[in-house]
Amino acid sequence: MIPANEINYVDEMKNFNFPLAKSLKLKQIMGYEKHRIVEGEVCVSDLAVHGLQYLFDQGLLRKEDIDALILVTQSPDYFMPATSNVIQSRLNLKNDMFCLDINQGCAGFVIGLIQAFLMLEQDSINKVVLINGDVLSRKVSSKDRNSWPLIGDAASITIVEKSDAETVTYANLKMDGKNHTALIIPAGGFRTPSTSETSVMEDVGDNNFRSQDNLKMDGAAVFNFVQTEVPPMIEDLLGFSGINKEELDFYLFHQPNKFMLEKLADKLRIPYEKMPNNIVSNFGNASGVTIPTNITFNLGDKLLNNSYRVCLAGFGVGLTWSSMVMDLSQLDFCKMINF
């Protein structure tokens, strides 16, 4: 689910206290073009309910077949209850099912898939709905040019079910909480509750303005983390699986920005055409949802009849990084839906 509200970077440059020429240079290097942002008070549950109802109406999914619902998000509707329960209620799903919220970001889609596969090991669970969604634009300062041009809102729905096919999926996962402040919203939780003081906008350097209630990103730290930690993670996974880089058709990674992905492809010695980097340019960075958006936007209908061996990877907030090698083959549907 992609919000219909589309904003162009050029139209927003006037909001940044920054020379026009430098803004245009950033546009070229980072891949800033346009991004999709929710309007008003739209929440993750709204995107999820809209998408699931579409699947029900199209006969692609039946309510009674859902045995578990996993929601991966950093922007829940409430502190409590879990937003997965809110979605269950709004769609009047059966009571005999497992609802679970996972608080994860950039690696969240891969982590959600790992959790879904583990759930399918249970005899009573045959079909899992994995929802990955975020509306983090509501927590990003529109006067912070380091974060605002990148941010996007979106949600994805992935149906994971048991199969008799003899395929193997490989995955790994790493976390480093010591560097959790590299990507953080400082205020709003119980540690530092939101107050009138935390909402005050301040010049945080180089004419960027944000409050403690807004997303804070240490861009240099995140870039160094990705370039240092992601390549060995991919190499380790391929070594464990016995699969060569050349055997993979695509590397469908989380997309922080064009520049970071090009540098990552260079480091891994992967051709750019095998690692698409066009999601931030067209939709913005919706955290882990960039991976299923990447799959749908760049492969889409091709997945209805063809088979591809791909590597998925997510990396960011936490700090967390995870990757997976799997076969994407002859899906029943693979569509982008506007909200």
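Relevant structure appears above.
Residues numbered from 1 in each chain as written. Predicted model: local features only at pLDDT ≥ 70, side-chain atom pairs only at ≥ 80, totals over all residues. Heavy atoms only, no water.

## Regarding the pattern of salt bridges
- In total, this model carries twelve salt bridges according to the counting rule given.
- Among the ionic pairs, lysine 27 bridges to glutamate 33, the shortest N-O distance being 3.2 Å.
- For aspartate 327, the salt bridge identified is with arginine 309, shortest N-O distance 3.1 Å. Placement of aspartate 327 in strand β14 (residues 320-329) and of arginine 309 in strand β13 (residues 307-316) is noted, with a sequence separation of 18 residues between them. (Salt bridge = Lys/Arg side-chain N within 4 Å of Asp/Glu carboxyl O. Helix = DSSP H or I, 4+ residues; strand = E, 2+ residues; numbered from the N terminus.)

## Re the sheet that holds β14
- Taken in spatial order, the four strands make up an open sheet running β7-β14-β13-β12, and their pairing is mixed. Unpaired on one side and paired on the other, β7 (170-175) and β12 (250-253) mark the two borders of the sheet. Averaged over all neighbouring strand pairs, the angle between strand axes comes to 20°, with direction disregarded.
- Pairing of β13 with β14, which is carried by ten bridges, proceeds in the antiparallel orientation. (Pairing = 2+ DSSP bridges. Axes fitted to C-alpha atoms, helices over the stretch in contact; angles between N-to-C directions.)

## Brief notes about the sheet that holds strand β6 (residues 154-161)
- If you trace the four strands from one edge of the open sheet to the other, you get β4-β3-β5-β6, paired in mixed fashion. The open sheet has two free edges, formed respectively by β4 (98-102) and β6, since each of these has just one partner strand. Mean inter-strand twist for the sheet, computed between neighbouring axes without regard to direction, equals 15°.
- Along the sheet face, helix α3 (residues 44-57) touches β3 (68-72), β5 (127-134) and β6 and points at about 50° away from the line of β6. (Contact = heavy atoms within 4.5 Å.)

## Describing unusual backbone geometry
- With an omega of 5°, the peptide bond between methionine 80 and proline 81 qualifies as cis.
- Tracing the chain through its elements places proline 81 in the loop between β3 and α4 (83-90).
- Here the residue pair glycine 318 and leucine 319 is connected by a cis peptide bond, since its omega of -10° sits within 30 degrees of zero.
- Although it is not a glycine, asparagine 92 adopts a positive phi angle of roughly 55°.
- Mapped onto the elements of the fold, asparagine 92 is located in the loop between α4 and β4.
- On the accessibility criterion, asparagine 92 (64% relative accessible area) is exposed.
- One non-glycine residue, glutamine 330, lies in positive phi territory at about 40°.
- Relative to the helices and strands, glutamine 330 is located in the segment after β14.
- Taking the relative accessible area as the measure of exposure, glutamine 330 reaches 53% and is therefore exposed. (Buried < 20%, exposed > 50% of the residue type's maximum accessible area, 1.4 Å probe, protein only.)

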